[in-house]
Amino acid sequence: MFCSKYFGIAFCNRIYKKYGGMAVDLIKENPYILCDDIPGIGFVRVDRAAMQLGIPYDSTERIKSYVKHLLMLWAYNGGHCYMEASRLAEEAAMGLDVGFDLVE
């Protein structure tokens, strides 16, 4: 029931199958684990839920997840296998509206 506020029934079922009775606690602690563990749940959807849960916009978990998201977009859309660290940090800082030092 907790997850149904943020995700559809199909995703809720996948979340429960993955985490069982620990789902709510794990998601409250770090909702960004869903990006890695549940196929089809992307950063944007999880980030929306995280903001509603009160996760700080400059949290380490959010920044790490967004960096992974950018790398996947870069690789998927551009066919690239790497991205320069400085460019990645700049784009992440701009996309998240956080300081470059936090991303770096």
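What comes next is a walk through the structure. (Residues numbered from 1 in each chain as written. Predicted model: local features only at pLDDT ≥ 70, side-chain atom pairs only at ≥ 80, totals over all residues. Heavy atoms only, no water.)

Here's the deal with unusual backbone geometry
Note the following rule: Think of it this way: any DSSP run of H or I at least four residues long counts as a helix, any run of E at least two long counts as a strand, and we number them from the N terminus.
With a phi angle near 60°, Asp97 is a residue other than glycine that sits in the positive phi range. Here Asp97 shows up in the loop between helix H6 (85–96) and helix H7 (100–103).

As for the environment of Tyr66
As a reminder, the rule being used: Contacts between residues were defined by any pair of non-hydrogen atoms, one from each residue, lying within 4.5 Å.
As for its position among the elements, Tyr66 is in helix H5 (residues 60–78). Taking the C-alpha atoms as reference points, Tyr66 and Val103, separated by 37 residues in sequence, lie 9.6 Å from one another. In contact with Tyr66, not counting residues within four places along its chain, are Phe43, Glu91, Ala92, Gly95 and Leu96.

Observations regarding the packing of helix H4 (residues 43–52) against H5
Going by this rule: Inter-axis angles, ranging from 0 to 180 degrees, are taken between N-to-C directions of lines fitted to C-alpha atoms, where helices are fitted over the stretch in contact. Geometric relationships in this document are graded by angle, where less than 35 degrees denotes roughly parallel, more than 145 denotes roughly antiparallel, 65 to 115 denotes roughly perpendicular, and other angles denote oblique. Crossing handedness: left-handed means the near helix sits turned counterclockwise from the far one by under a right angle, and right-handed means the same turn made clockwise. Polar here means any residue outside two lists: the nonpolar Ala, Val, Leu, Ile, Met, Phe, Trp, Tyr, Cys and Pro, and the charged Asp, Glu, Lys and Arg; Gly therefore counts as polar.
Their axes nearest at 11 Å, the elements H4 and H5 cross at an angle of 165°. The angle between the axes of H4 and H5 places the two elements in the roughly antiparallel class. Of the two possible hands of crossing, H4 and H5 adopt the one that is left-handed. Side by side, H4 and H5 meet where Phe43, Asp47 and Met51 of the first sit next to Arg62, Ser65, Tyr66 and His69 of the second. Considered class by class, the residues forming the contact of H4 with H5 number three nonpolar, two polar and two charged.

Topic: the state of the cysteines
Definition in use: Note that a disulfide, as used here, is simply two cysteine sulfur atoms within 2.5 Å. Relative accessibility thresholds used throughout: buried, under 20% of the residue-type maximum; exposed, over 50%; partly exposed, between the two (1.4 Å probe, protein chains only).
For the structure on display, the rule yields zero disulfides. Looking at the unpaired Cys3, the closest cysteine sulfur is the one in Cys12, lying at 5.1 Å. Cys3 sits in the buried class, given a relative accessible area of 9%. Taking relative accessible area as the criterion, Cys12 reaches 16% and is therefore assigned buried.

Notes on the nonpolar core
Counted only if it meets this: The term nonpolar core refers to a set of buried residues drawn from Ala, Val, Leu, Ile, Met, Phe, Trp, Tyr and Cys, joined through side-chain atoms within 4.5 Å.
In terms of nonpolar packing, the biggest core is built from 31 residues, with Cys3, Phe7, Ile15, Leu34, Ile38, Ile41 and Val103 touching the most fellow members. Secondary structure elements with two or more residues in this core: helix H1 (9–19), helix H2 (23–29), H4, H5 and H6. A total of five residues in this core trace back to one element, the largest contributor, which is H6. For Cys3, the contacting residues outside a window of four places in its chain are Cys12, Ile15 and Ile27.

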